[in-house]
Amino acid sequence: MPSNSTMTKIVWQYSETLPEETMTFLRGIAADCCKVKNFVYERYSGVKKINSLTPVYTVLNEMRYCGLREQLNLPAVYYELAIADAVTNIKCSWSIVKNKVGEKITANENLSDDDKIYLRTVLKMGSVYAAVLNRQQYEMPRNAVELDIDVKRLNNLLCRLTRRYLTQPKTDAADVFRISPNGYSYKDGAMRIVCRIPRKRISIPLKDTRTFDRQIQVHIKDDFIALAVPIEAKIKKHQDYTNTVYIHMGNQDMFTLSNEHIYGVSLAELTSPETERLAKKNQERRRIYTSYRQNAESGNRQKIENIEANNLGRRKYDSQKEKEKRRTTNYINAEINRMFRIEKPACIVITKPVTKNKTKLYSKSNNRKLTRNFRGYIRERLAYKCQINAIELVEINSKGTGKICSSCKAEGKRQGKEFICENCGLKTTIALNSAKNIQQKYIEKSKGSYVQNWE
Ligand SMILES: [Zn+2]
């Protein structure tokens, strides 16, 4: 990996709590962007338009004069990005179609080798494929001229397969939109974004003072917004990062290393009061719903309005949930960074996630705990941070790493957090035993002296 390469990363920025009026405005913009996208899908995802998607400027130009923007009264800084996004999605669905058609061609035993060469060539050449689909004249591709094929039959097949897999995209995601750099500016710690009235801007106070100059994705929450900003991040190669680190990812502590260091101590405690709180809140909310239904049936207007004003108890619940989630993710990221600084890894070895169908065995509350305790998030952040720090991340199969004694390889006993081996008398934690097993398994594997212990 060259040390000067870059990758795109997303940084998040959050607004303060926003007045309902601002939220209504933002939801309106998102809803209109959604309409624009669906309009573009309807107009440009068909076979006839396959050739007019690149460059996107062609579509933008047509859309500029179709009257939709004026009809919606949607500022261009939102309108044009909604169009560009829709076109990207259409192109993406075209490449999915081409892939599927290609697979069908490969699997079709009624086609000769010449047939397949022709069909694949056409699929690869955008303009020829477009001409075939639209029954237009085209120049036979050079490497197909000599082939012994029935062109008409093959073209019909191509049209039929394409029709089978081509679908018109549709969106109903009205809680997100993008804004271009000329659609916002900053003043006094607030972002000021273009609104529907010319030369007027709406102020969005932010939680921090970072400023950006690129396309930003706006995610609308209950009473605030989250801004996703794509940033070019340099991949940093650390000359002094030379160690190999073996990590057990736990349910209590986040990482236990085979060298006995622990990072993300008691992550479970940070998240499990949250789990309990959520269960209680859910109970409370069910009570509010019931009361709402009863009052609706007996026609108690005043009571209904009160409950509605509090969004059925949902608003406060969501913003607290969001706050706690952020506190936990901050802790996770800080601990991964701290681990890098201290351990200086060139390579990190962890186990692959355990298969999903196993989760079915857990009880409901256990399941909720598992999904809430951020394992997916931790893996994702670890993978990402490894990538930008040029650290190799290896995932090995977890088989055997949990139950075998890391000292004598007999099967041990697991009691709570403890691991006890009756064979050799080892007494340690499940997490540390597992981390040491990961280390041994990986080393044996790379030496090629892999034995049956791990089966
Ligand atoms: Zn033992």
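Residues numbered from 1 in each chain as written. Predicted model: local features only at pLDDT ≥ 70, side-chain atom pairs only at ≥ 80, totals over all residues. Heavy atoms only, no water.

Novice: Describe the pairing of strand 6 (residues 216-220), listing the residues and the values that go with them.
Specialist: What you see with strand 6 is a clean split: I216, V218 and I220 sit on the buried side and Q217 and H219 on the side with no burial. In the sheet, strand 2 (residues 176-179) pairs with strand 6 via four bridges, with the strands oriented antiparallel. Its bridge partner lying in strand 6, R178 is registered against Q217. Inspection of the sheet shows strand 6 paired to strand 7 (residues 225-234) by four bridges, in the antiparallel sense. From the neighbouring strand, I220 faces strand 7, where its bridge partner is I225. Between strand 6 and strand 7, which pair antiparallel one after the other, the connecting turn spans four residues. (Buried < 20%, exposed > 50% of the residue type's maximum accessible area, 1.4 Å probe, protein only. Helix = DSSP H or I, 4+ residues; strand = E, 2+ residues; numbered from the N terminus. Pairing = 2+ DSSP bridges.)

Novice: So what's going on with the packing of helix 6 (residues 126-133) against helix 7 (residues 151-165)? Residues and values would help.
Specialist: Helix 7 packs onto helix 6 with a crossing angle of 90 degrees between their chain directions and a minimal axis gap of 9 Å. The angle between helix 6 and helix 7 falls in the class roughly perpendicular. Each of Y129, V132 and L133 in helix 6 lies in contact with helix 7, whose residues at this interface are N155, L158, C159 and T162. The residue inventory of the contact of helix 6 with helix 7, partitioned by class, reads five nonpolar, two polar and no charged. (Axes fitted to C-alpha atoms, helices over the stretch in contact; angles between N-to-C directions. Parallel < 35°, antiparallel > 145°, perpendicular 65-115°, else oblique. Contact = heavy atoms within 4.5 Å. Nonpolar A, V, L, I, M, F, W, Y, C, P; charged D, E, K, R; others polar.)

Novice: Quick rundown of the packing of helix 2 (residues 56-64) against helix 4 (residues 76-107)? Include the residues and the values.
Specialist: Contact geometry for helix 2 and helix 4: axes closest at 10 Å, N-to-C directions at 135 degrees. What the angle tells us is that helix 2 and helix 4 run oblique. In the crossing of helix 2 with helix 4, the sense of the turn from one axis to the other is right-handed. On the side of helix 2, the interface is formed by V56, V59, L60, M63 and R64, while helix 4 contributes Y79, E80, I83, A84 and V87. Class assignment for the residues of the contact of helix 2 with helix 4 results in eight nonpolar, no polar and two charged. (Left-handed = near helix turned anticlockwise from the far one by under 90°.)

Novice: Give a description of the sheet that holds strand 6 that names residues and reports values.
Specialist: An order of 1-7-6-2 is seen for the four strands of this open sheet, with the pairing classed as antiparallel. Only two strands of the sheet have a single neighbouring strand rather than two, namely strand 1 (6-14) and strand 2. Pairwise comparison of adjacent strand axes, ignoring direction, gives a mean angle of 30 degrees for this sheet. Across nine bridges, the pairing between strand 1 and strand 7 is antiparallel. Across the sheet, the residue bridging to Y14 is A226, located in strand 7. Helix 1 (residues 20-44) rests against strand 2, strand 6 and strand 7 of the sheet, and its axis sits at about 90 degrees to strand 2.

Novice: I'd like a description of the coordination of the zinc ion, backed by residues and values.
Specialist: Protein-derived coordination of the zinc ion comes from C405 (SG), C408 (SG), C421 (SG) and C424 (SG), at a distance range of 2.3 Å. Expressed as a motif, the donor residue spacing for the zinc ion is C-x2-C-x12-C-x2-C. A residue pair is termed long-range when its members are at least 10 positions apart, and C408 in the loop between strand 12 (392-396) and strand 13 (413-415) and C421 in the loop between strand 14 (418-420) and strand 15 (427-429) qualify at 13 residues. For C408, a relative accessible area of 27% gives the class partly exposed. Among the residues examined, C421 registers a relative accessible area of 2% and is labelled buried. (Donors = N, O, S within 2.8 Å, 3.2 Å for Na, K, Ca; no water.)

Novice: Describe the environment of A30, naming the residues involved and giving the relevant values.
Specialist: Tracing the backbone shows A30 in helix 1. Along the chain, A30 and V218 lie 188 residues apart, while their C-alpha atoms are 8.9 Å from each other. Excluding anything up to four places from it in sequence, A30 contacts A174, D175, V176, F177 and I220.

Novice: How would you summarise helix 12 (residues 375-388) if you had to cite specific residues and measurements?
Specialist: Over its 14 residues, helix 12 extends 20 Å from the first C-alpha to the last, a length consistent with the 20 Å expected when each residue adds 1.5 Å. For helix 12, the set of buried residues is I378, R379, L382, Y384, K385, C386 and I388. Looking one or two residues beyond helix 12, the residue adopting positive phi is A390, at roughly 55 degrees. (Expected span 1.5 Å × (residues − 1).)

Purely geometric stuff here, so don't read any function into it on its own.
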